[in-house]
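Close look at the chain arrangement
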Amino acid sequence: MSTSTRALALLGLLQSRRHWSGAELARRLGVGERTVRRDVLGLQELGYPILTTRGTGGGYQLSSGAALPPLVLSEEEAAATVLGLKEIATGIHPASAEAAISAMAKIVQVLPARIRRRIDSLRTVVTPAGEGYRRAAIDDVTALTTLALACRDADTVSFTYHDGERVVSDRTVQPHRIVNVENRLYLVAWDLDRTDWRTFRVDRIARTNRTGARFAPRGLPGDDPVEYVRNQLGSMPARYRVYATVEAPAEQIRAEIAHCGTVEALDARICDVHIAAESLDWAAFCLASIGAPFVVHGPPEAIELIAGWGSRLLAATENSSEPGPSSEKVRGTV
């Protein structure tokens, strides 16, 4: 075993358990205790905060330090770490999605191919679901991290993209930012073929390839890339554009409607909601499921449809002469 290989093995052992005696480490590594002491000193010089104690009960342990040195992860740990970062990047969490994507990219780029395949094979694992739990669908972790690294390095990328109508196209873009909007990841990029800014849903991107062609980053459209993506989503063509005012804080409603529409705060207690939809029934369901009072302003077809929903639901709670299995009447609001 070479010195560098032995040092990595030693570091892995120190990270796997709180305390090791010199004799135990020597036995595991197949060397003498003097060699262990020398290897520990080498790791300390690299910045690893390894504490050493002498005498009975003495030994070595890895403590927290002021700097973050490289970590040694097993295959199981690497897979768990990437999947955990993916969860942060695509779900509702207080941590930064951008930081999670950056960390995930750094890890995935140095993983052996077999571990990357293992991580992608775990994408269908059932994850928690329930009220307020929504997340982006990211099947291809490697594609996501390739895009993140290309954004970091100002490297042109090519990929295939399928839109909402399942039309597939080949794109070559200069990627600038990946942002999380309503818990879905979007790539903001300059499309070289269309010579304009475009927004791409990351879960619709496949077969990503870094071309190696570097570019000088352009100024992003607008000061806030998140608001830019929201505005782009609100301008997408749709059969109906339902507009309503909801009596609830904007942040709460954004979490409720997730990918259904855009939300604009009017004040701390009221917000406007815009839903672009092909089906008015679907838009009505999104609004009704919010659980807060709302007023629909248009279009007229939406007002008529929701009024009809309200009449039918109210009728279902009135004039119940015969009790069902439960003697308590059901009441609901739209």
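Cut-offs and rules
Residues numbered from 1 in each chain as written. Predicted model: local features only at pLDDT ≥ 70, side-chain atom pairs only at ≥ 80, totals over all residues. Heavy atoms only, no water. Pairing = 2+ DSSP bridges. Helix = DSSP H or I, 4+ residues; strand = E, 2+ residues; numbered from the N terminus. Axes fitted to C-alpha atoms, helices over the stretch in contact; angles between N-to-C directions. Contact = heavy atoms within 4.5 Å. Expected span 1.5 Å × (residues − 1). Buried < 20%, exposed > 50% of the residue type's maximum accessible area, 1.4 Å probe, protein only. Core = buried A, V, L, I, M, F, W, Y, C linked by side-chain atoms within 4.5 Å. Patch = residues over 30% accessible without salt bridge, like charges linked within 9 Å, V, L, I, M, F, W, Y side chains within 5 Å. Areas by Shrake-Rupley, 256 points an atom, 1.4 Å probe, with all protein chains shown as cover. Salt bridge = Lys/Arg side-chain N within 4 Å of Asp/Glu carboxyl O. Lys, Arg positive; Asp, Glu negative; His and termini not counted. Charge placed at Lys NZ, Arg CZ, Asp CG, Glu CD. Parallel < 35°, antiparallel > 145°, perpendicular 65-115°, else oblique. Nonpolar A, V, L, I, M, F, W, Y, C, P; charged D, E, K, R; others polar.

Some words on the sheet that holds strand β4 (residues 168–181)
Taken in spatial order, the five strands make up an open sheet running β6-β5-β4-β3-β7, and their pairing is antiparallel. Every other strand in the sheet has two partners, leaving β6 (196–201) and β7 (205–214) as the edge strands with one partner each. Between one strand axis and the next, the sheet turns through 45 degrees on average, direction left out of account. Looking at chain direction, strand β3 (residues 155–162) and β4 are connected through six bridges and run antiparallel. Considered in β4, the bridge of Val157 is made with Val173. Sheet strands touched by helix α7 (residues 141–153): β3, β4, β5 (184–191) and β7. Its angle to β7, the strand with the most contacts, is close to 25 degrees.

Remarks on the pairing of β4
Here β4 pairs with β5 via eight bridges, running antiparallel. Each bridged residue has a counterpart across the sheet, and for Arg177 the counterpart in β5 is Val188.

What about helix α11 (residues 300–315)?
An α-helical segment advances 3.6 residues per turn. Residues three or four places apart therefore align on the same side. With 16 residues, α11 should reach 22 Å at 1.5 Å per residue; the first-to-last C-alpha distance of 23 Å fits that figure. For α11, the complete set of buried residues consists of Ala302, Ile306, Gly308, Trp309 and Gly310. Summarising the contacts, the buried residues of α11 are in contact with β8 (240–246), α10 (280–288) and β11 (294–298).

Thoughts on the nonpolar core
Most often, soluble globular proteins have nonpolar side chains that are buried together. Counting residues in each nonpolar core, the largest one holds 26 residues, and the members touching the most others are Leu147, Phe159, Ile178, Leu187 and Phe200. Mapped by element, the contributors of at least two residues to this core are α4 (75–90), α5 (97–108), α7, β3, β4 and β5. For this core, the leading source of residues is α7, giving seven residues. If you look at the next biggest cluster of nonpolar residues, it comprises 25 residues, including Ala248, Ala250, Val263 and Ala302.

A short note on a positive patch on the surface
On the surface, a cluster of positive charge is made up of Arg34, Arg37, Arg38 and Arg54. Looking at where Arg37 falls in the secondary structure, it is placed in helix α3 (residues 33–45). Under the relative-accessibility criterion, Arg37 is labelled partly exposed at 42%.

Observations concerning the packing of helix α1 (residues 3–16) against α3
Between α1 and α3, whose axes approach to 10 Å, the crossing angle comes to 80 degrees. Between α1 and α3, the crossing angle belongs to the class labelled roughly perpendicular. Where α1 abuts α3, its residues Thr3, Arg6, Ala7, Leu10 and Leu11 lie against Thr35, Val36, Asp39, Val40 and Leu43. When grouped by side-chain class, the residues that make up the contact of α1 with α3 number six nonpolar, two polar and two charged.

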